[in-house]
Amino acid sequence: MASIKTYTGIITICGSCGQPSFTDNEVGHQHFKEQWDGVYCPRYPLAGERIQIDWDEMSLEQVKAEYPDTYPYSSKLPAV
Ligand SMILES: [Zn+2]
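Residues numbered from 1 in each chain as written. Predicted model: local features only at pLDDT ≥ 70, side-chain atom pairs only at ≥ 80, totals over all residues.

Caption draft 1: Expanded view of the overall build of the protein chain. What the protein chain contains, in helices and strands, is one helix and four strands. Going from the N terminus to the C terminus, the protein chain shows its helices and strands as β-β-β-β-α. Rg of the C-alpha trace for the protein chain: 13 Å, near the compact-globule value of 12 Å for 80 residues, within the 12% margin. Expressed as lengths along the three principal axes of its C-alpha atoms, the size of the protein chain is roughly 45 × 30 × 20 Å. Of the contacts made within the protein chain by residues no fewer than 6 positions apart, 57% connect residues no fewer than 24 positions apart. (Helix = DSSP H or I, 4+ residues; strand = E, 2+ residues; numbered from the N terminus. Rg over C-alpha atoms; globule rule 2.2 N^0.38 Å. Contact = placed C-beta atoms within 7 Å.)

Caption draft 2: Representation of the environment of P20. For P20, the position within the fold is in strand β2 (residues 20–24). Accessibility expressed as a C-beta count within 10 Å gives 22 for P20, which makes it buried. Spatially, the C-alpha atoms of P20 and F32 are 7.6 Å apart, while their sequence positions differ by twelve residues. Residues contacting P20, with those up to four places away along its chain left out, are I4, I11, I13, F32 and V63. (Buried ≥ 20, exposed ≤ 12 C-beta atoms within 10 Å, placed from the backbone.)

In structure tokens form, the structure reads like this:
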């Protein structure tokens, strides 16, 4: 899965949950890795209707930099 923080393609919005999404040629319209446990989308990891945004460059950079990352990396698991 792609990371929103490093994705350089066009970022759209999912019409089902209102969160960022992107499209690749193999899978289609889908969500980002960071949204693993952080969005309730009925179609996750795919995404609903694709909504195009006329991003302001600064806004897009802020969204990418500050988007919460809820992907379950092993390093985030509590120590036993
Ligand atoms: Zn969605």
